[in-house]
Amino acid sequence: MRLYFENEEPEGAVREVVNPDNSPSEGLELALVRADGDDRVELVDEGRESVLVILGGRCSVEVEGGGSWKDLGERKDVFSGRATAVYVPAGTPYRISSQTGSEVAICRAPADGGGEAYVVRPGEVNAAVRGSGNWRREVHDIIDESRPAARLVVGETFNEPGCWSSYPPHKHDEQDPPREVRMQEVYYYRLDPAGGFGLQRIYSPERSFDESFAVRDGDAVLIPFGYHPVVAAGGYRLYYLWALCGEGRTLRPNEDPAHRWISEGVQGREDDDEGR
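Residues numbered from 1 in each chain as written. Predicted model: local features only at pLDDT ≥ 70, side-chain atom pairs only at ≥ 80, totals over all residues. Heavy atoms only, no water.

Chemist: I keep staring at the sheet that holds strand 22 (residues 237-246) and nothing clicks. Help me out?
Modeler: By definition, the strands of a sheet pair up through backbone hydrogen bonds, in either a parallel or an antiparallel sense. Reading across the sheet, the 7 strands line up as 1-20-17-22-14-13-12 and stay open at both edges, with antiparallel pairing between neighbours. The strands lining the two open edges of the sheet, one partner per strand, are strand 1 (4-5) and strand 12 (126-130). (Pairing = 2+ DSSP bridges. Helix = DSSP H or I, 4+ residues; strand = E, 2+ residues; numbered from the N terminus.)

Chemist: Looking at this structure, I do not really get the environment of Lys 70. What am I missing?
Modeler: Its place among the elements puts Lys 70 in strand 7 (residues 67-72). Using a relative accessible area of 66% as the deciding quantity, one classes Lys 70 as exposed. C-alpha of Lys 70 to C-alpha of Arg 121: the two residues are 51 residues apart in sequence and 13 Å apart in space. Apart from residues lying up to four places away in sequence, Lys 70 is in contact with Cys 59 and Ser 60. (Buried < 20%, exposed > 50% of the residue type's maximum accessible area, 1.4 Å probe, protein only. Contact = heavy atoms within 4.5 Å.)

Chemist: How should the pairing of strand 14 (residues 153-159) be read in this particular structure?
Modeler: The side chains of a regular strand alternate between both faces of the sheet. Of all 7 residues making up strand 14, 7 are buried, and the element is well covered by its neighbours. What you see with strand 14 is no split at all: Val 153, Gly 155, Thr 157 and Asn 159 on one side and Val 154, Glu 156 and Phe 158 on the other are buried throughout. In this sheet, strand 14 lies alongside strand 13 (residues 137-143) in antiparallel orientation, the contact comprising 6 bridges. Residue pairing in the sheet places Asp 141 in a bridge with Gly 155 of strand 14.

Chemist: Hey, could you run me through the side chain of His 140 in this one?
Modeler: As for its position among the elements, His 140 is in strand 13. For His 140, the side chain forms a polar contact with the side chain of Glu 138, separated by 2.6 Å. If we ignore the near neighbours within four places in the chain, the residues touching His 140 are Arg 82, Val 125, Asn 126, Ala 127, Gly 155, Glu 156, Phe 158 and Trp 242. (Polar contact = N/O pair within 3.5 Å; in protein donor to acceptor, adjacent residues only side chain to side chain.)

Structure representation (structure tokens):
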């Protein structure tokens, strides 16, 4: 069962990273696009809605019958500002181009057609600090349940050096609302400085599955089940883009009972129900 995807140099402008053909994903996908100069990337995701997250640089996005936006993006890299994103309904052709160079992540999930394309600009990203002490992190909600989409929920998390996130460990692999809602998830990591690393653990409640991955700049991990805490190595900031899809779009992570005591009684805990 392949869950870890090491960074690779793309052979073209588009690198397909995670999908049902190379992993146990039930439809959640991640792709990366590099557009530069005369590059004009044309895509259509049949039967899948897409969220385009601009990781760095500026680009223009044209959605057939849905709008055209020029010079999107206000950060040089993921560590220098909030994201700009474009939502594209299932089956709608779109084009990405950039004269100065840009890097774009595409998150996809199965969906019926319908809906309208729209842009989420940096000022519209909802940012919050969650956790406490060395499990304090900053979480940016880009596409949450308040924004139109069929199945996707997308955001970003930032760990300071030595700090944990998705912590205390939580999971969302059972459909038992309101206690827990079943959703698969994918993480895409960047490090600052880029030579650093983080550790990603995934384990099931009974420990029949328990694996850890040393994640480096540009790596990705699929989380189909289980608890999944992540930590940044000392001296390195860690970022990950996260995308979820599953039964509905309301996040109901369920913390590991063995570690729930860590968060009990923390001031502001009522605002930390979504984990990450």
